[in-house]
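Chain residues, written in single-letter form:
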Amino acid sequence: MPLDLLTLAAMRRQDHVRGITSVCSAHPVVLRAALRFARDHGSAALIEATCNQVNHRGGYTGMQPADFAALVHDIAASEGCPPELILLGGDHLGPNPWRDRAAGDALAEAERMVEAYVAAGFRKIHLDASMGCRDEPAALDDETTARRAVRLAAMAEATAKRLNLPPPLYVIGTEVPPPGGADHAIDGLLPTSAKAAEQTIAIHRRVFSEAGQSAAFARAIALVVQPGVEFGNRNVIAYDPGLSRDLTALLTDEPQFIYEAHSTDYQGPIALAALVEDGFPILKVGPELTFVLREALYALDLIASDLLSDYGDRPLRNTMEALMLAEPGHWAQHYDGNADEQRLMRHYSLSDRIRYYWTRPKAAAAVDRLMTALSGQSVPAPLFHQYLPAARHFAGNPLDPQEVLIWRIGQILGAYHTAGRAEP
């Protein structure tokens with residue numbers, strides 16, 4: 001049976017620790033890999049969209065919540081993934097996409113967004129109103145954040161009731177630095193203090209009660225805190241269990257809650273298992289999945305360049321470089337250094353901002369050309385040994401290149417799945 005989010009805290013209290021992977025990506029191949037993995041393992045497919053990525057205005061993907069939900073379920077149907085394995089979540093739902101507006105306007109947009117998410121069947125709702133709007137501090141205090149969060153929760157509750165949908169499950173709190181990876185090298189990172197986490201819970205509990213939303217707060221399953229993990233463009237801060245002992249201990253006094261860990265990308269299986277063991281059973285991953293997707297695509301681009309005389313010299317990589325140079329908005333403010341360093345980051349940064357470009361028509365056409373060129377080809381083992389050694393089992397048979405991509409993403413999903421099943 002797939003893991004039920006409502007049971008995570010109770011299972012932890014019973015010394016039967018379990019975790020779940022939260023896949024944060026809108027890329028169709030990543031979604032296909034996640035849904036196939038869920039089908040093959042009978043495990044839950046928790047798939048989340050972020051407020052900037054998908055919202056009632058379209059977000060940077062151009063998708064509203066109903067569009068994203070339809071995409072997930074269409075891919076699931078094509079993969080034979082039972083719908084009961086799928087759980088949709090909305091991440092960082094709040095005024096963040098409209099922070100350049102006055103708070104009232106931004107919150108009104110956030111309400112419409114939450115309404116659209118719940119109406120589209122998203123049940124796991126991360127309420128994040130912690131970031132200031134125009135003429136406000138960048139980060140708000142807990143009291144203000146909680147009052148804005150309960151306003152959004154009220155909209156979620158009303159929408160679910162009006163449409164006769166299951167009541168939402170809530171996640172509160174936010175992590176620092178903001179999601180998606182830092183823009184610079186990080187030397188170290190301290191976890192959220194247990195006192196700060198305790199205060200966040202207490203203030204939200206009181207504010208929800210004062211607003212008549214205690215029933216909604218009773219379905220708050222997790223608190224987002226900083227466990228001391230992060231990745232920048234070039235490096236990763238690994239989890240140190242010793243630094244989170246006070247946070248872990250707090251869960252004994254707050255049995256309703258577990259923690260949700262953001263930016264767990266690139267942590268590796270040992271650190272992921274330790275996070276689950278220490279009270280962070282919801283492990284969010286996104287950029288690492290599209291990073292290894294790009295890794296596999298570029299390896300196939302090199303293989304095709306060497307194998308096929310009419311394919312050209314790395315046309316996919318060259319297309320992506322030209323595209324990112326022509327449209328620098330998604331990377332220019334995030335990659336520092338000289339021209340050579342920026343060129344390297346455009347393609348290989350751990351924050352993987354190249355992921356914003358795969359849906360562009362020129363990028364999609366270049367990927368399609370690569371897939372067509374290699375489809376059915378018998379790739380010699382030495383080429384896989386050269387460019388993607390772990391994929392050498394694909395050598396010598398008619399190739400389905402998409403299977404290589406799904407296999408590579410599945411390796412990462414497998415590490416998360418194993419960590420989530422670790423016994424205490």
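Just so it is clear, the model here is predicted, and its values are computed rather than measured.

Topologically, Asn55 is positioned in the loop between strand S2 (45–50) and helix H3 (65–79). According to the relative accessible area criterion, Asn55 is buried, its value standing at 3%. The residues contacting Asn55, other than those within four sequence positions of it, are Met63, Gln64, Pro65, Pro97, Trp98, Met113 and Tyr117.

This model, assessed by the stated rule, comprises 13 aromatic pairs. A ring pair is formed by Phe384 and Phe394, whose centres lie 6.5 Å apart and whose planes are at 40 degrees; its orientation type is tilted. You can see Phe384 sitting in helix H14 (residues 381–387) and its partner Phe394 sitting in the loop between H14 and helix H15 (401–420), a full ten residues away along the chain. Judged on exposure class, the residue Phe384 and its partner Phe394 are both buried. Put simply, the rings of Phe68, Tyr117 and Phe122 touch in pairs and so form one group of aromatic residues. Its guanidinium or amino end placed over the ring of Tyr298, Arg294 lies 5.2 Å from that ring's centre, counting from NZ or CZ. Between the NZ or CZ atom of Arg314 and the centre of the ring of Tyr298, over which it lies, the distance is 5.7 Å.

Moving on to the nonpolar core. Core analysis: the largest hydrophobic core is formed by 125 residues, its most contacted members being Phe68 and Leu316. Tallying contributions element by element places helix H10 (residues 287–307) first for this core, with eleven residues. Discounting residues that sit within four places of it in the chain, Phe68 has contacts with Ser25, Ala26, Leu31, Ile47, Glu48, Ala49, Val54, Met63 and Phe122. In this structure, Leu5, Ala9, Val171 and Ala222 belong to the second largest nonpolar core, which totals twelve residues.

Side chains that carry opposite charge are capable of pairing whenever their charged atoms lie near each other. For the coordinates displayed, the defined rule picks out 28 salt bridges. Glu48 is the salt-bridge partner of Lys284, the closest N and O atoms lying 2.7 Å from each other. Here Lys284, found in strand S10 (residues 282–285), pairs with Glu48, found in strand S2; they are 236 residues apart in sequence, far enough to count as distant. Look at Glu48 and you get buried, because its relative accessible area is 0%. When salt bridges with common partners are traced through the structure, they connect Arg32, Arg36, Arg39, Asp40, Glu79 and Glu403 into a single cluster.

Right, let's talk about the sheet that holds S2 for a bit. Taken in spatial order, the eight strands line up as S1-S2-S3-S4-S5-S6-S9-S10 and close into a barrel, and their pairing is parallel. Strand-to-strand twist in this sheet, taken as the mean axis angle between neighbours without regard to direction, amounts to 25 degrees. Both strand S3 (residues 86–93) and strand S4 (residues 124–127) contribute to a ladder of three bridges, which runs parallel. Paired with Gly89 across the two strands is Lys124, which belongs to S4. Most of the contacts of helix H6 (residues 194–210) go to strand S6 (residues 220–225), to which it runs at about 140 degrees, and overall it touches S4, strand S5 (169–173) and S6.

Turning to the packing of H10 against helix H11 (residues 315–326), a few remarks are in order. Relative orientation of the contacting elements H10 and H11 amounts to 130 degrees, with a least axis distance of 8 Å. The orientation of H10 relative to H11 falls into the category oblique. Together, Leu297, Tyr298, Asp301 and Ser305 of H10 and Pro315, Leu316, Arg317 and Met320 of H11 make up the contact between the two elements. Of the residues contributing to the contact of H10 with H11, the split by class is five nonpolar, one polar and two charged.

What counts as what
- Residues numbered from 1 in each chain as written.
- Predicted model: local features only at pLDDT ≥ 70, side-chain atom pairs only at ≥ 80, totals over all residues.
- Heavy atoms only, no water.
- Helix = DSSP H or I, 4+ residues; strand = E, 2+ residues; numbered from the N terminus.
- Buried < 20%, exposed > 50% of the residue type's maximum accessible area, 1.4 Å probe, protein only.
- Contact = heavy atoms within 4.5 Å.
- Phe/Tyr/Trp six-rings, centres within 6.5 Å; stacked < 30°, edge-to-face > 60°.
- Lys NZ or Arg CZ within 6 Å of the ring centre and 35° of its normal.
- Core = buried A, V, L, I, M, F, W, Y, C linked by side-chain atoms within 4.5 Å.
- Salt bridge = Lys/Arg side-chain N within 4 Å of Asp/Glu carboxyl O.
- Pairing = 2+ DSSP bridges.
- Axes fitted to C-alpha atoms, helices over the stretch in contact; angles between N-to-C directions.
- Parallel < 35°, antiparallel > 145°, perpendicular 65-115°, else oblique.
- Nonpolar A, V, L, I, M, F, W, Y, C, P; charged D, E, K, R; others polar.

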